[in-house]
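Observations on the model geometry
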Amino acid sequence: MALRITLRPGRLSLPLLRNAYELPVRVSLDPRVWPAVAASAATVARLAGGEAPVYGLNTGFGILARKRISRGDLGELQRRLVLSHAIGTGSLLPDPVVRLILLLKIASLARGHSGVRRVVIDALLRLLNAGVYPCIPAKGSVGASGDLAPLAHLSAALLGVGEARVGGRAMPAKAALAKAGLKPLALAAKEGLALLNGTQVSTALALAGLFAAEDVFAAAIAAGALSGDAMMASDVPFDPRIQDVRGQPGQATVARLLKGLSRGSAIRRSHVDCDRVQDPYSLRCQPQVMGACLDVMGFAAGVFLREANAVSDNPLVFARDGEILSGGNFHAQPVAMASDALATAIAEIGALSERRIALLVDANLSALPAFLVAAPGLNSGFMIAQVTAAALASENKSLAHPASVDSLPTSANQEDHVSMAAFAARRLTEMADNTAGVVAVELMGAAQGVDFRKPLRTSARLRQAMAELRRHVKFLDRDRYLAPDLAAAKAIIQSGWCRRFLDFSVTPWPGPRA
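Structure report, in brief. (Residues numbered from 1 in each chain as written. Predicted model: local features only at pLDDT ≥ 70, side-chain atom pairs only at ≥ 80, totals over all residues. Heavy atoms only, no water.)

Our focus in this paragraph is the overall build of the protein chain. When helices and strands are counted, the protein chain shows 21 helices and 9 strands. Expected size for 514 residues packed as a compact globule is a radius of gyration near 24 Å; at 26 Å, the protein chain falls within 12% of this value. When its C-alpha atoms are laid out on the principal axes, the protein chain stretches across 85 × 50 × 40 Å. Split into buried and exposed, the 514 residues of the protein chain put 56% on the buried side. Relative to all contacts within the protein chain whose residues are 6 or more apart in sequence, the contacts with residues 24 or more apart total 78%. Entry remark: accessible area of the protein chain is about 21600 Å², with carbon and sulfur atoms responsible for 56%. With 56 positive and 41 negative side-chain charges, the protein chain shows a separation of 6 Å between the mean positions of the two kinds. (Helix = DSSP H or I, 4+ residues; strand = E, 2+ residues; numbered from the N terminus. Rg over C-alpha atoms; globule rule 2.2 N^0.38 Å. Buried < 20%, exposed > 50% of the residue type's maximum accessible area, 1.4 Å probe, protein only. Contact = heavy atoms within 4.5 Å. Areas by Shrake-Rupley, 256 points an atom, 1.4 Å probe, with all protein chains shown as cover. Lys, Arg positive; Asp, Glu negative; His and termini not counted. Charge placed at Lys NZ, Arg CZ, Asp CG, Glu CD.)

Written as structure tokens, this is what we have:
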């Protein structure tokens, strides 16, 4: 059953956006948006028919902006713009991402600064509500002037060109439109440009990466606490006094979470007076490392949420003043740089988890059976599970290389600096998938280690986490085919179970006031 959402443009929240990403939706718009939409469209119609050149209304595009277009060709100009720009390549964006793109584009156009008629917004709403998702190739955007190629593929579907998916099946766009009760749309002045300009593809991809990062972060907190108990680590580093004197908010949050998860552990009580002075950094410095990741996630979440609420096409219509202003809100540099920052956090979550796995399988450091299995030698246990985790963590190091520092001029040097936001955001879900694999190995290994500590028991909270894992992944008493176990543990993480278990979500950081 579809989730019902009332959109209030400019007031979208991260929980609303996550729901729209994860579930089919039935969206309606706050009716208060329509007067501004109508006034904006009327301003465009008036100025498009005038003698003065207005970019994108009665001129060409990019370096061709000096070319005047006759009144009789204004609609054809917009149609040709869409068709000429629909030249993306690569695998298709998944339906949840396309659903989010549609929602973000509707919310942006409904702010009343884009000059489109209500019929355009209504058509997008009908596509979204009918589950008609335009087929959008993933590659082809440089993140300025907006996500041109992918948004052109979305827009082409409104014209009855290209393909769309319905119920997971691709079909010609005209047939898909009919399923939504629509006919191909004839565009008016500026409407093609308003549909193509904008950062909605980059932003939707970035949000998808953020949501996946939340899931792996929560799982890594649970896995880190479980690993600590399995290796009889101290919880003194999580003392709030240590966090208070540094003052980093993410660090304090992580320490509180870890302390709460391990509270009441009989394993912990059994070694309070041991002679070990300090644990390795991957155990002891979890608040500092994971806290830094959390702070970066909060920064990125703030950027993505502001962009989700933004008007990012060009030119912009200010109907109250009777003006159309040409600027650069389509430049996705904020999304690109925030995505690059989030990429480092996703990589570090996995890197720290992999180091704890390495400790777990090393009998000299963990005081557990070698490779976490009885009769090591006859059994290899978690030997290659750690190798898989290392491969995934290493791959993320390469993927974390910043995309936003790269720029290739386009459009005959008119667009001489671009953001590369679409790629910066698109690789985030792949990185989060890698990190989910690493943390899944740690969850399996940490649970194995805790089971080896019997009859001592871990905390009640961590027993809950272990019980969920053990529903799908049994104790490794001898070597077996482990790939299904890894897939099952990874599925727990990616289902959001750990995030719900911890009642965790990222708080977006507000930006500085203008």
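One pass over the full model with this rule turns up 4 aromatic pairs. Aromatic side chains Tyr21 and Phe211 sit 5.8 Å apart centroid to centroid with 40 degrees between the ring planes, which places their arrangement in the tilted category. One end of the pair, Tyr21, is in helix α1 (residues 14–22); the other, Phe211, is in helix α9 (residues 200–230), with 190 residues separating them in the sequence. For the pair Tyr21 and Phe211, a shared accessibility class is recorded, and that class is buried. Centre to centre, the rings of Trp497 and Phe501 are 4.9 Å apart; their planes meet at 15 degrees, and the pair counts as stacked. Highlighted residues: Trp497 and Phe501, both in helix α21 (residues 497–502), separated by 4 residues, approximately one helical turn. Judged by its relative accessible area of 10%, Phe501 is buried. Lying over the aromatic face of Phe501, Arg461 brings its terminal NZ or CZ to 4.2 Å of the ring centre. (Phe/Tyr/Trp six-rings, centres within 6.5 Å; stacked < 30°, edge-to-face > 60°. Lys NZ or Arg CZ within 6 Å of the ring centre and 35° of its normal.)

Helix length check: helix α20 (residues 483–494), at 12 residues, gives a terminal C-alpha distance of 16 Å against a target of 16 Å (1.5 Å per residue), a fit within 8%. For α20, the full list of buried residues reads Asp485, Ala488, Ala489, Ile492 and Ile493. For α20, the arc enclosing every buried residue in end-on projection is 145 degrees, short of the 170-degree limit, so these residues lie on one face. On its buried face, α20 sits against α9, α18 (421–452), α19 (460–470) and α21. After α20 finishes, the residue Gly496 shows a positive phi value of roughly 85 degrees. (Expected span 1.5 Å × (residues − 1). Arc of directions from axis to C-beta.)

In contact at an axis separation of 9 Å, α9 and helix α11 (residues 249–262) are set at 50 degrees when each is read in the N-to-C sense. Accordingly, the angle class assigned to the pair α9 and α11 is oblique. α9 and α11 meet at a crossing whose hand is right-handed. When α9 is examined against α11, the residues Phe217, Ile221, Ala222, Gly224 and Ala225 are found in contact with a partner set consisting of Val254, Leu257, Leu258 and Leu261. Within the contact of α9 with α11, the residues separate by chemical class into 8 nonpolar, 1 polar and no charged. (Axes fitted to C-alpha atoms, helices over the stretch in contact; angles between N-to-C directions. Parallel < 35°, antiparallel > 145°, perpendicular 65-115°, else oblique. Left-handed = near helix turned anticlockwise from the far one by under 90°. Nonpolar A, V, L, I, M, F, W, Y, C, P; charged D, E, K, R; others polar.)

What follows is about the packing of α11 against helix α14 (residues 286–308). Between α11 and α14, the shortest axis-to-axis distance is 7 Å and the interhelical angle comes to 125 degrees. One finds that α11 runs oblique with respect to α14. Judged by the twist between their axes, the crossing of α11 over α14 is right-handed. On α14, the residues touching Pro249, Gly250, Gln251, Thr253, Val254, Ala255 and Leu258 of α11 are Gln286, Pro287, Gln288, Met290, Gly291, Leu294 and Asp295. In terms of residue class, the contact of α11 with α14 is built from 7 nonpolar, 6 polar and 1 charged.

Now for unusual backbone geometry. The linkage connecting Ala144 with the following residue, Ser145, adopts the cis geometry, with an omega of 5 degrees. Tracing the backbone through its elements, the reader meets Ser145 in the loop between β5 (137–139) and α6 (148–158). One non-glycine residue, Lys190, lies in positive phi territory at about 75 degrees. Located in the positive-phi region is Met420, a residue other than glycine, with phi close to 60 degrees. Take Met420: it is sitting in the loop between α17 (383–399) and α18.

Another aspect to go through is the pattern of salt bridges. Evaluation of the coordinates by the stated rule reveals 24 salt bridges. One salt-bridge network, in which partners are shared between bridges, spans Arg18, Glu22, Glu214, Asp215 and Arg499. (Salt bridge = Lys/Arg side-chain N within 4 Å of Asp/Glu carboxyl O.)

None of this, on its own, says anything about what the molecule does.
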